[in-house]
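Listed here are the chains, written in short residue letters.
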Amino acid sequence: METLLESEEKEEEGRDMGPEDINNPEPVELEKTPDNINITSPGVTLDAPRLPWIHNASRSRAEVLQLMETLLESEEKEEEGKDMGPEDINNPELVELEKTPDNINITSPGVTLPSWMEQINVSECPASYQLNSPPEKKLLDIADNFISQYSYIFPNRKPLFLCPLNECGVKKFVSTTLRRTPLPHSDLYQWDTLASFVADHLVLQALDPPTEPPHYLFSPTLVLRAQRGTCFDISTLLCSLLLGAGYDAYCVSGYAVREMCLLDRSRQECPLLVTEEEVKVETPLAEEKGPVRRYAVKPPRELRSNFERRQQEQKEEEAREELRRSQQETQRLQEESERPPADPLQGQRLHCWVLVLAGNREILEPFFVDPLTGRSFPTTDESFQGIESLWNPHNYWANMQDCRSGCSDMEYDLGNSTMWETVLLTKTEEEVEEELEEE
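Residues numbered from 1 in each chain as written. Predicted model: local features only at pLDDT ≥ 70, side-chain atom pairs only at ≥ 80, totals over all residues. Heavy atoms only, no water.

Caption draft 1: Quick look at the overall build of the chain. Each helix and strand counted, the chain has 15 helices and eleven strands in total. Residues classed as buried in the chain amount to 33% of the 439 residues present. Nonlocal contacts in the chain, meaning residues at least 24 apart in sequence, comprise 68% of its contacts between residues at least 6 apart. Carbon and sulfur atoms make up 50% of the accessible area of the chain, which amounts to about 31,100 Å² in all. (Helix = DSSP H or I, 4+ residues; strand = E, 2+ residues; numbered from the N terminus. Buried < 20%, exposed > 50% of the residue type's maximum accessible area, 1.4 Å probe, protein only. Contact = heavy atoms within 4.5 Å. Areas by Shrake-Rupley, 256 points an atom, 1.4 Å probe, with all protein chains shown as cover.)

Put into structure tokens, the structure is as follows:
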């Protein structure tokens, strides 16, 4: 180090090195490899890349020593972990941040509450809406672990709708939002009346973008108060009412056609114009009974050729067939003219609806219920193009079946782990029966 400093002083004074300096191997080696110099002090190791000022030959020895002392003092302070000075402690901004760290709200970009939420006073929500209990925190940890594994195994699938935010901005597991809600009105006890009630009194807020799940899932209480919501909010409300009425209902997250997602019923027949046709059955009048005669004149026989009768019947059948073909062709041309344009997002539009399984309330076959229209559909209907997941108050199931051909070939045996992957490990009915038998 001293040899290097002496050489720098010589360069500043403009003196050339003598033969004895040139032949000295140490300065020659230092001159060749200045970047490999390591300057060390007790307990501190400094290498050349951290000292760019060592290559500047215009600095004096005093400046170099001063810079070294400043650097060593700063590193000693970092190692010793000294506290802030008085000027830092008296900083009002730091004191305010230290007193109220819980009041800092960190919001992710692009996630905002809808405009209609401004009319709702969120401060009136119960305490359970504004924080998570220990079991709910454990559920969120399990859900996060499931999401990480799911995204690793299926990187090309859509993210699961598992832990959205509620109206208070708190993450909630979707199963905890469902509640069995029985109604005291006898008119709202069947599934069709419940579905009609929800569809007639709520306004749809379309998803934006239509291919991504919403960031928020509002409680059924708030949805009823605002009388509007997304398909996920409305399905949650309808599923809670169906559960309260005793049905085995589930919320379904999947894909549907554009008309169903946007509630476009312009190409459907108005339900108010459909009336039951009065079928009038004409009953033949009873023949008047006359006096019984022993001798009566028989009517003359009808002299008609059976061949001509069959020919006439054949001509009438051909005329009816021709009329039927013409009506079908007219209907086909009308459907083609009224067919909507191709949807660029075909098979990608997210939708949420309700699945009712067989078993409870004398339901023999499973069926779908669209919460936007209140209508029921068979599980093989072409309007439903795929399922990502479904859930109820007890568990969450991710679909493992192939939906490239829609929902027509899907099975709803939720106990089959090859078809449905559960988030929460629960015992099946067979396992429970086996344990009861063993006891």
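Caption draft 2: Quick peek at the sheet that holds strand β11 (residues 420-422). Read from one edge of the open sheet, seven strands run β8-β7-β6-β5-β9-β10-β11, paired in antiparallel fashion. Two strands bound the open sheet, and with one partner strand each, they are β8 (376-378) and β11. Averaged over all pairs of adjacent strands, the angle between strand axes in this sheet comes to 40 degrees, irrespective of strand direction. In terms of strand pairing, strand β6 (residues 350-356) meets strand β7 (residues 367-369) through three bridges, oriented antiparallel. By the bridge assignment for β7, V356 is matched with F367. Contacts between helix α12 (residues 231-244) and the sheet are confined to β5 (249-256), β6, β7 and β9 (384-391), with β6 contributing the most and set at about 5 degrees to the helix. (Pairing = 2+ DSSP bridges. Axes fitted to C-alpha atoms, helices over the stretch in contact; angles between N-to-C directions.)

Caption draft 3: Just the packing of aromatic side chains, in detail. Enumeration according to the criterion identifies 15 aromatic pairs in this entry. When the ring of Y150 is compared with that of F154, the centres are 5.3 Å apart and the planes differ by 50 degrees; the resulting orientation is tilted. On the basis of relative accessible area, F154 is assigned to the partly exposed category, the value being 27%. Arranged with centres 5.7 Å apart and planes meeting at 70 degrees, the rings of W353 and F368 form a pair that is edge-to-face. In this pair, W353 is assigned in strand β6 and F368 in strand β7, connecting sequence segments 15 residues apart. Assigned by exposure class, W353 and F368 land together as buried. (Phe/Tyr/Trp six-rings, centres within 6.5 Å; stacked < 30°, edge-to-face > 60°.)

Caption draft 4: View of the side chain of R258. Tracing the chain through its elements places R258 in helix α13 (residues 258-261). At 2.7 Å, the side chain of R258 and the backbone oxygen of P341 are in polar contact. When residues no more than four places from it in sequence are discounted, the contact partners of R258 are P340, P341, A342, D343 and R349. (Polar contact = N/O pair within 3.5 Å; in protein donor to acceptor, adjacent residues only side chain to side chain.)

Caption draft 5: How the structure looks around α12. Across its 14 residues, α12 extends 20 Å between first and last C-alpha, which sits within 8% of the 20 Å expected from 1.5 Å per residue. Of all 14 residues that make up α12, 13 are buried, and the element is covered over most of its length. Positive phi shows up at G246, right after α12, with a value of about 100 degrees. (Expected span 1.5 Å × (residues − 1).)

Caption draft 6: Region of interest: unusual backbone geometry. Residues D208 and P209 are joined by a peptide bond in cis, for which omega reads 0 degrees. Within the fold, P209 resides in the loop between β3 (203-204) and α11 (220-226). At R361, a residue that is not glycine, the phi angle is positive and equals roughly 55 degrees. For R361, the position within the fold is in the loop between β6 and β7. Residue classification places R361 among the partly exposed positions, given a relative accessible area of 24%. Of note in the backbone geometry, E362 takes a positive phi value of approximately 60 degrees without being a glycine. Looking at the secondary structure, you find E362 in the loop between β6 and β7. Overall, E362 belongs to the exposed group, its relative accessible area being 75%.

Caption draft 7: The pairing of strand β10 (residues 396-399), seen in detail. Burial along β10 is two-sided: the residues Y396 and A398 and W397 and N399 are all buried. Bridge count for β9 against β10 is three bridges, and the pairing is antiparallel. Bridged to S389 within β10 is A398. Where β9 folds back on β10, the antiparallel hairpin that results is connected by four residues. Two elements, β10 and β11, share three bridges in a ladder whose sense is antiparallel. Bridge pairing in β11 links N399 to W420.

Caption draft 8: Quick peek at the packing of helix α10 (residues 191-201) against α12. Put simply, α10 and α12 touch, their axes get as near as 10 Å, and they point 150 degrees apart. With respect to α12, the element α10 is oriented roughly antiparallel. In this structure, α10 crosses over α12, and the sense of that crossing is right-handed. Here W191, L194, A195 and V198 of α10 lie close against α12, whose contacting residues are I234, L237, L238, L241 and L242. Of the residues contributing to the contact of α10 with α12, the split by class is nine nonpolar, no polar and no charged. (Parallel < 35°, antiparallel > 145°, perpendicular 65-115°, else oblique. Left-handed = near helix turned anticlockwise from the far one by under 90°. Nonpolar A, V, L, I, M, F, W, Y, C, P; charged D, E, K, R; others polar.)

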